[in-house]
Structures are given as structure tokens and as C-alpha cells.
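# Secondary and tertiary structure notes
Here is what each chain is made of, one letter per residue.
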Amino acid sequence: MTHTHPAIRVSEIFGPTIQGEGVLIGLPTVFIRTGGCDYRCSWCDSLHAVDNQFRHEWEMMSIDTVWQTVVALSGGRPVMVSLSGGNPAIQPFRALIERGHGEGYRFALETQGSVVRDWFADLDVLVLSPKPPSSEMRTDWAAVEACIEAAQEKPQIVLKLVVFDDSDYAYAKDAAARFPRLPIYLQPGNHTPPRARNEDAPVDLDGIMKRMEWLIEKVTRDRWFEARVLPQLHVGSAPANTREPI
Ligand code: SF4
């Protein structure tokens, strides 16, 4: 009997490029950005992977095709594969992770923690990024908790919080208190207008730097030494020359 794996809804596959944020900052990484998200954050910078108006650009791809693309982009050299979106937890990734592991690749997934999958335990890195009040979304902490349980302490799990303002900062502190065993990364929010594919909106570097300084000052004044404050080195989607057309 042949067994067919469910297809993955892909917005874009690109790289290897240098991971620009969080725990994997600086690592050569191939990104698989999936289409579709159960959230609509007010400041989402990946709308082309979220909003249904871009649906015609998403493609249902077989595991074989996705994997061949990753191998072609990386020249067959095992690198980190980052599963992002949208919310990549919506997609069926188990078989792809299994296949990639067999060839020495590693997998990280970043999600807001609203959709729980038992294959989180197969990941190498799980980045949980609950969305703060400025996103205008409401966090289901029980779901975030369930994501951590599903991972069964197998992957490295980190919390990543985007902080725009004081209430986001308070939310980040609350998140850290809920999950004291998880390393926490804080990232200043970015007000650059959302980019559609192939559009080059100017990046609000000034604003990012100001919020970075503000955040560092707050964390230092609070003596919150467990938190790591990191900038976001890249914004939105991939530069056009690293993007695999699909
Ligand atoms: Fe965008 Fe992420 Fe929010 Fe989804 S969870 S709307 S991808 S910022």
C-alpha cells in the first residue's frame, strides 16, 4: 500500500540566508514560509503569508517537492530549516521533519502557540512567540502551555516576545513568570508598514533603534537579567534574489 503524505501550503521557500532574529540569530537558514494564519496581528509584517488576498500565490506542495527545493537551495548541505508563516503549526510537517533529519538537517519552528501538534516533539528548536496586547490578539495561555507539553522537553524551547510599548513589556514579564524555565528573548517591535511581496517598503530603522534603546533601559532598570534583548536584523520577507519562485 502506498502512503501519501498530506501536502503543505507554502507561501515561499528561500535561503539559505542568515537568520535575523532570536535564538538562531546568525545561522545560515532555509526558510519555509507557510500560507495561512489563525491570527491577524495589527502589525503583522508577513501579510503575504497571512491574508487571503494573497491566497493565489500560495501553493499546495507535496513533501517531495518541498524537500527537493530545500536541498537544491542548500546545495545538499545540511543547514537549519526554519518553519515560519503565517502559523506553520497549521501545516502537516511531521513527514518533512523526519525526512530532513535523515539527511542531517535541523528544524526550528516559530509559532504564536495557538495550535498544538504532537510533532512539536520532533523539532530541534521550538520558538513560542505569544502576541502582546499591541497585536490586538488575545492569548490562550492554556494552548501555549499545551504546546510546551506536546514538545515533551525534546526540542530546545524558547519564548520570544515582541515589545512595542509598556503594556507589551508588562505582558512579556507575565509570560516570563508563567514559564520561568524557558529562556526569554525580547525584540523591539517594528512599525515598518507591512510589505507585500516584491515591494520594498522603507525599513523604519530609526524607530527600531529608539525602541531598542528604550527596551534595554527598561530591562536594565528592572534588573531583569534573565531576558535577552535582541534586535531584528531583517524585516518582512526575503530579499528578491534569495526567493525561490513557486
Ligand atoms: Fe502575522 Fe505572526 Fe500575527 Fe500570524 S501570528 S498575523 S503571521 S504576526
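Everything discussed here concerns the structure shown above.
Below you will find a few notes about this structure. (Residues numbered from 1 in each chain as written. Predicted model: local features only at pLDDT ≥ 70, side-chain atom pairs only at ≥ 80, totals over all residues. Heavy atoms only, no water.)

## What to know about helix H2 (residues 94–102)
A turn of α-helix holds 3.6 residues, and therefore any two residues three or four places apart point the same way. For H2, the set of buried residues is Ala 95, Leu 96, Ile 97 and Gly 100. The inward-facing, buried residues of H2 abut strand E1 (8–18), strand E2 (28–34), helix H1 (63–74), strand E4 (80–84) and strand E5 (106–111). Two residues or fewer past H2, Gly 104 is found with a positive phi of approximately 90 degrees. (Buried < 20%, exposed > 50% of the residue type's maximum accessible area, 1.4 Å probe, protein only. Helix = DSSP H or I, 4+ residues; strand = E, 2+ residues; numbered from the N terminus. Contact = heavy atoms within 4.5 Å.)

## What about the site of the ligand?
Lining the immediate environment of the ligand, one finds Cys 37, Tyr 39, Arg 40, Cys 41, Cys 44, Val 50, Gly 86, Gln 112 and Lys 131. Given that more than half its atoms are within 2 Å of the pocket grid, the ligand belongs to the largest cavity. Split into classes, the residues belonging to the shell around the ligand amount to five nonpolar, two polar and two charged. (Near = heavy atom within 4 Å. 1 Å grid on protein atoms, 1.4 Å probe; cavity = no way out; pocket = protein on both sides within 12 Å on 5 of 7 lines; lining within 4 Å. Sits in = over half its atoms within 2 Å of the grid points. Nonpolar A, V, L, I, M, F, W, Y, C, P; charged D, E, K, R; others polar.)

## Topic: the environment of Leu 205
Along the chain, Leu 205 falls in helix H5 (residues 205–221). Between the C-alpha atom of Leu 205 and that of His 191, which follows or precedes it by 14 residues, the distance is 9.4 Å.

## Some thoughts on the layout of surface pockets
Approximately 190 Å³ is the volume attributed to the largest pocket. Forming the boundary of the largest pocket are Ile 148, Glu 153, Pro 155, Ile 157, Phe 179, Pro 180, Arg 181 and Leu 182. Along the lines of polarity and charge, the residues of the lining of the largest pocket split into six nonpolar, no polar and two charged. (Points joined across faces, edges and corners; volume = space filled by probe spheres on them.)

## A short note on unusual backbone geometry
Excluding glycine, residues mostly carry a negative phi; peptide bonds, for their part, are mostly trans. With an omega dihedral of -5 degrees, the bond running from Gly 15 to Pro 16 counts as a cis peptide bond. Locating Pro 16 in the fold gives a position in strand E1. Omega for the bond connecting Gly 85 with Gly 86 falls within 30 degrees of zero, at 15 degrees, which places this linkage in the cis form. Within the secondary structure layout, Gly 86 lies in the loop between E4 and H2. Backbone geometry places Glu 136, a non-glycine residue, at a positive phi of 70 degrees. Its location among the elements puts Glu 136 in the loop between strand E6 (125–128) and helix H3 (141–151).

## Digging into the packing of H1 against H2
The contact between H1 and H2 brings their axes to 10 Å, and the two run at 40 degrees. Comparing their axes, H2 and H1 come out oblique. Handedness of the H1/H2 crossing: right-handed. Contact residues: Ile 63, Asp 64, Val 66 and Trp 67 in H1; Ala 95, Leu 96, Arg 99 and Gly 100 in H2. For the contact of H1 with H2, the class distribution of residues is five nonpolar, one polar and two charged. (Axes fitted to C-alpha atoms, helices over the stretch in contact; angles between N-to-C directions. Parallel < 35°, antiparallel > 145°, perpendicular 65-115°, else oblique. Left-handed = near helix turned anticlockwise from the far one by under 90°.)

## What about empty space enclosed by the protein?
In this structure the tally under the stated criterion is one cavity of 30 Å³ or more. What the largest cavity holds in volume is close to 710 Å³. In terms of lining, the largest cavity is formed by 41 residues, of which the most central are Glu 21, Asp 45, Ser 46, Glu 110 and Lys 160. Secondary structure elements with two or more residues in the lining of the largest cavity: E2, E4, E5, strand E7 (156–163) and strand E8 (184–188).

## A word on helix H4 (residues 166–178)
Helix length check: H4 (13 residues) gives 18 Å between terminal C-alpha atoms against 18 Å at 1.5 Å per residue, within 8%. Every buried residue belonging to H4 is among Asp 168, Tyr 169, Tyr 171, Ala 172, Ala 175 and Ala 176, and all of these are buried. Down the axis of H4, the sector holding all buried residues measures 160 degrees, keeping them to one side. Close packing links the buried residues of H4 with H3, E7, E8 and H5. (Expected span 1.5 Å × (residues − 1). Arc of directions from axis to C-beta.)

## So, the pattern of salt bridges
Pairing is possible between side chains of opposite charge, provided their charged atoms come close. The final tally for this structure, using the stated rule, is 11 salt bridges. Between Lys 218 and Asp 166 there is a salt bridge, with the nearest N and O atoms lying 2.8 Å from each other. Note that Lys 218 is positioned in helix H5 and Asp 166 in helix H4, a separation of 52 residues in sequence. Taking relative accessible area as the criterion, Asp 166 reaches 47% and is therefore assigned partly exposed. Measuring nitrogen to oxygen at the nearest pair gives 3.0 Å for the salt bridge that ties Asp 174 to Arg 178. Here Arg 178 and Asp 174 lie together in helix H4, a separation of four residues that amounts to about one turn. (Salt bridge = Lys/Arg side-chain N within 4 Å of Asp/Glu carboxyl O.)

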